[in-house]
Amino acid sequence: MTGRPAPAVLPPSLRVWLGLNAALAALVVVVLGVLYADDSRPGRVDARISAVVDGPGPTWRHVALALDFLGEPAGAAALVVVAVTGCLLLRRPRAAVLVVAGAGTAVGTATLLKTLVGRTIHDGSLSYPSGHTAFATALALVVALLVTGRLGLGGTAGGSLVLAAALVAGAAMGWAQVALGAHYPTDVLGGWCTALAVTPATAWLVDRLADRLADQPADRPADAGRREPR
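Residues numbered from 1 in each chain as written. Predicted model: local features only at pLDDT ≥ 70, side-chain atom pairs only at ≥ 80, totals over all residues. Heavy atoms only, no water.

Some words on the packing of aromatic side chains
Point 1. Taken as a whole and assessed by the stated rule, the structure comprises one aromatic pair.
Point 2. Taking 5.9 Å as the distance between ring centres and 80° as the angle between the ring planes, the aromatic pair formed by Trp60 and Trp175 counts as edge-to-face. Of this pair, Trp60 sits in helix H3 (residues 58-69) while Trp175 sits in helix H7 (residues 155-179), placing them 115 residues apart in sequence.
Point 3. Residue classification places Trp60 among the exposed residues on the basis of a relative accessible area of 55%.
Point 4. Residue class for Trp175 comes out partly exposed when judged on its relative accessible area of 26%.
Point 5. Between the NZ or CZ atom of Arg119 and the centre of the ring of Tyr36, over which it lies, the distance is 4.0 Å. (Phe/Tyr/Trp six-rings, centres within 6.5 Å; stacked < 30°, edge-to-face > 60°. Helix = DSSP H or I, 4+ residues; strand = E, 2+ residues; numbered from the N terminus. Buried < 20%, exposed > 50% of the residue type's maximum accessible area, 1.4 Å probe, protein only. Lys NZ or Arg CZ within 6 Å of the ring centre and 35° of its normal.)

Digging into the environment of Asp123
Point 1. By the element assignment, Asp123 lies in the loop between strand E1 (120-121) and strand E2 (125-126).
Point 2. Under the relative-accessibility criterion, Asp123 is labelled exposed at 69%.
Point 3. Spatially, the C-alpha atom of Asp123 lies 21 Å from that of Trp175, the residues being 52 residues apart in sequence.
Point 4. Polar contacts involving the side chain of Asp123 include one to the side chain of Ser125, which spans 2.8 Å. (Polar contact = N/O pair within 3.5 Å; in protein donor to acceptor, adjacent residues only side chain to side chain.)

Focus: the environment of Asp68
Point 1. Position of Asp68 among the secondary structure elements: in helix H3.
Point 2. Relative accessible area serves as the criterion here: at 15%, Asp68 is assigned to the buried category.
Point 3. For the pair Asp68 and Leu180, spaced 112 residues apart in the sequence, the C-alpha separation amounts to 8.7 Å.
Point 4. Beyond its immediate sequence surroundings of up to four residues, Asp68 is in contact with His132, Met173, Ala176, Gln177 and Leu180.
Point 5. In terms of polar contacts, Asp68 uses its side chain to reach the side chain of His132, at 3.5 Å. (Contact = heavy atoms within 4.5 Å.)

That is the geometry; function is a separate question.
Structure representation (structure tokens):
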């Protein structure tokens, strides 16, 4: 054995709960994708929500632009570096891996879905689902899972913390995207659900791979293969 394995990034007590939520989120992503495939106009729900959110004042617009920057390549990279550094300082290498893998999987999945769904906004930019929202939600999920593991939370308490973190992060980034006119509200919902669907699965895979590596026997000593002199 290579030593004591690192703590699981996906607490066993939350696996079933997060799995069910992931399945429901995936269903929402598929349904919305089918409804708005190859569309270029807002739906009724989009129009109503946008009417409320649209046109923020100068101060709130600056806030929206700041949040939007955190989803851009430079801002996202900075957040990932900070999160990875924090995980390593807390001696949670699995969480550090999940920060990169989880955010990358969420954004990659959103990018792939944009091509498949083909929904556009403004000048033909692909819009469904929102990659910014998927990134923010995935990162919040990873941080919440880390906090849940360190505090030893499980069941209702742990699940509530994870869902609350995902909801706050997704709502904040989603508001910014709608307020700036970058996405329809249903794009934001699709991005949020995309992260909820793929991040727990990615966490499970990280744990599985880490456990397999931990179970591998240690390398043989350098002289183990030498022949005894005759």
